[in-house]
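Chain residues, written in single-letter form:
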Amino acid sequence: MKQLPAFIRKEFYHVFRDKRTLLILFGLPVVQIILFGYALSNEVKNIGITILDNAHDNNSEQIINRIKTSSYFLVKDPVLKYSDIEEKFKEGSIKCALVFPPDFTGELGHSGNAQIQIITDGSDPNTATIVVNYLTAIISGYQQQLKPAPRLSYQIIPQIRQLYNEEQNGSVNFIPGVIALIFMIVCTALTSVSVVREKELGTMEILLVSPLKPILVLIAKVVPYLVLSIVNFIIILTLSVYLLDVQIKGNLVLIFAESILFIITCLSLGLLISNVTNSQQTAMLISMMGMMLPTILFTGFMFPIENMPWIFRAISHVIPSRYYFIIIKAVMLKGLGFRYIWQETLILAGMAIFLLTIALKNFKIRLS
Amino acid sequence: MRVLGFILQKEFRQIFRDKTILAMMFVVPTVQLVILPLAANFEVKNINISVVDYDRSTYSQRLIYKIASSGYFRLVGNTVSYNDALELIEKNEADMMLEIPHGFERNLVREGSQQLNISADAINGTKSSIGGGYLTAVLADFNSSLDVNIKSANGGNIMQSPRIEITYSDWFNPRREYKYYMVPGILVLLLTLIGGFITALNIVREKEIGTIEQINVTPIKKWQFILGKLIPFWIVGIIVFTVGLIVMYLVYGIFPEGSIPLLYLFAAVYLVALLGFGLLISTFSNSQLQAMFVAFFFMMIFMLMSGFFTSVDSMPDWARKFSNLTPVTHFIAVVRLIVLKGSGFRQVKTELLYLSGFALLLNSCAILNYRKTS
């Protein structure tokens, strides 16, 4: 056992020698937290709109003014012909167009029924849906003002309470996802090169002739990355709390224990990749390029898993970050205890043991 | 030119010798392009709701029935107490809960108004606000149906007020199918990942293994070396792009509306820019691990800011400016314009200028940064 600390020290030297990688390792979460906290949101704002106002009367202008003052829309130069609308869509400068009929006020006054046409860019269905909702709300608001609807004699007044996130802080949903994503990719990629690098550079032979048992060699490889990941986790938590005002509601010890379990799972996956590949290039392409998009998609923080076809819901069950995302959401944001997450914890632990066993089985003690 | 020919020969041999890399370059993106668009769907449907009905009256039952049959909600529990319903939210089985208090029917009939408590799991802000919106709409509908019932029973008439009728049409994608938006975007992301990572690893690999020495002692010029690295991966990129377009057509039935040569022109310029970026990272790094991490760092930022996940227009001012400084943003925009809307050269020519600028800048940097003497 005396050799193990020496081996761990060797691995630490390897890691700390490469300053640039270290910088990226700690810079990555910082940049992601800033991007998710300040730049990215699911809210749709500044929608480019153009208006074809054939009416040019009081009513149409008042509606246009309402759109102009709304923060959701950015009114571009008006078009004069119907055919110009298509041109604007093709330039990509607008997402929707509003068309008033020539005799808007007349129709409204006489027949009591005037038509407005909304044209949306259906190639972006999400925005199209939102645009129609926003515009409908603005126009019905104007209609209400024209002739207030009589008060309903029966009213149910809904009181909506936002649980767990009363200020509707958008970062709250992203933080657990970002943590899961960073660990899943960074930890896996780091360890995925650890063994294969020695193979490629020829130093593997020295490791193999040492009296250390294979499992201890692997443990020595993992320890530095485990330490680094925990430091990284502390940085992420600190930033989320102080920069993004995310409240940690649950038990910190439990959060750390679960995170360490997840980190170990990812590191084991990396070891497995490292043991079955022959070059760093392959190992890293698998662990980064191969896993980046599936992790983003199947963790559940960007796209709701329950909407996916059953086959993908099935696939998502083998992605470790999915369970970690559920756990961290429950403990950190909802403040729940271990009782609610023991199943997910058990699955993660099972995955870690399984991956580690396979990795060990694939660790070849002979060079050939 | 003969020198360049020899370098190309060497590079192609290296690419084709490694079967795993070949698979990573062609099979992984194809498989991901087939699978991922089916999974990437922002649409919120089936909001799970649990109901606590303390009233158990005709009206409360009618309201619950109305919510359940509205098509937006799935009733996951009709519990007897607030705590039971909350437990469902805590376990992630319900997204929101509706609490109907004692005396709901009585107050509604006698006093004409009654409050209801709705609690939503607000961790997922989109879902909670959409769910709240749906529920409010269902309640408003319920209100007016009650109103009409009572009024027609009393013989009262319903006032007719001037109505603005809103018609809407969705151009380019009348059924608002998500795949049209997602597939071209995912194709670009996959192309970017492959091109960026593989070139980032390339030169540094020669440094790490030591074969770069052999090149440094030959009379190969710096630009020849970079060009020799660029061309093979450019060809690979064009092939991946072509395979992607074929998959897009065969699996998703999306055929570019615009001109295909124009699409390829953009792809060609974009690939030069992207590969230049990868090579720049590669000349800059000391080890493959480092190159991969630096590439990953930038790829991640580019992808997140590219407008694939969230719209660029909605970003704050500084983020929008930054987003426009990355080639990925421009290429995604252009591919969507040409494939989905059939935009012509005239409408997208400024984007070509942007991309050419990136291509020139990044490759010059790569050539300048490559040193034959250390």
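Anything mentioned here points back to the structure above.
Caption draft 1: Seen up close, the packing of aromatic side chains. With the rule as written, the count across this model stands at 23 aromatic pairs over all chains. Ring centres 6.4 Å apart and planes at 90° place the aromatic pair Phe73(B) and Tyr134(B) in the edge-to-face group. Residue Phe73(B) is located in strand β2 (residues 73–79), and its partner Tyr134(B) is located in helix α6 (residues 125–154); the two are separated by 61 residues in the primary sequence. Judged by relative accessible area, Phe73(B) falls into the buried class, the value being 5%. By relative accessible area, which is 24% here, Tyr134(B) ends up partly exposed. Three or more aromatic residues joined by ring pairs form one cluster here, namely Phe183(A), Phe233(A), Phe256(A), Phe262(A) and Tyr324(A). Here the basic side chain of Arg20(A) rests over the ring of Phe284(B), its NZ or CZ set 4.2 Å away from the ring centre. Of note, Arg336(B) hangs over the ring of Tyr181(B), and the distance from its end group to the ring centre comes to 3.6 Å.

Caption draft 2: Representation of a nonpolar patch on the surface. Residue and element names in this part refer to chain B. Together, Ile246, Tyr249, Leu250, Val251, Phe255 and Ile260 line one region of the surface with nonpolar side chains, adding up to about 600 Å² of accessible area. In terms of residue count, the dominant contributor to the nonpolar patch is helix α9 (residues 222–252) (four residues). As for its position among the elements, Val251 is in helix α9. Judged by its relative accessible area of 44%, Val251 is partly exposed.

Caption draft 3: Looking closely at the interface of chain A and chain B. Taken residue by residue, the interface counts 110 residues in chain A and 111 residues in chain B. For the pairing of chain A and chain B, the buried interface totals around 10900 Å² over both sides, and the portion due to carbon and sulfur atoms is 64%. In this structure, the connection of chain A to chain B is made through five salt bridges. Arg346(B) is the partner of Glu87(A) in a salt bridge, and the nearest nitrogen-oxygen pair spans 3.0 Å. Applying the counting rule to chain A against chain B returns 17 residue pairs in polar contact (both at pLDDT 80 or more). Here the residues of the side of chain A that touches chain B are counted per class, giving 62 nonpolar, 30 polar and 18 charged.

The rules we used
- Residues numbered from 1 in each chain as written.
- Chains lettered and ligands numbered in written order.
- Predicted model: local features only at pLDDT ≥ 70, side-chain atom pairs only at ≥ 80, totals over all residues.
- Heavy atoms only, no water.
- Phe/Tyr/Trp six-rings, centres within 6.5 Å; stacked < 30°, edge-to-face > 60°.
- Helix = DSSP H or I, 4+ residues; strand = E, 2+ residues; numbered from the N terminus.
- Buried < 20%, exposed > 50% of the residue type's maximum accessible area, 1.4 Å probe, protein only.
- Lys NZ or Arg CZ within 6 Å of the ring centre and 35° of its normal.
- Patch = residues over 30% accessible without salt bridge, like charges linked within 9 Å, V, L, I, M, F, W, Y side chains within 5 Å.
- Areas by Shrake-Rupley, 256 points an atom, 1.4 Å probe, with all protein chains shown as cover.
- Salt bridge = Lys/Arg side-chain N within 4 Å of Asp/Glu carboxyl O.
- Contact = heavy atoms within 4.5 Å.
- Buried area = accessible area lost by both parts, 1.4 Å probe.
- Polar contact = N/O pair within 3.5 Å; in protein donor to acceptor, adjacent residues only side chain to side chain.
- Nonpolar A, V, L, I, M, F, W, Y, C, P; charged D, E, K, R; others polar.

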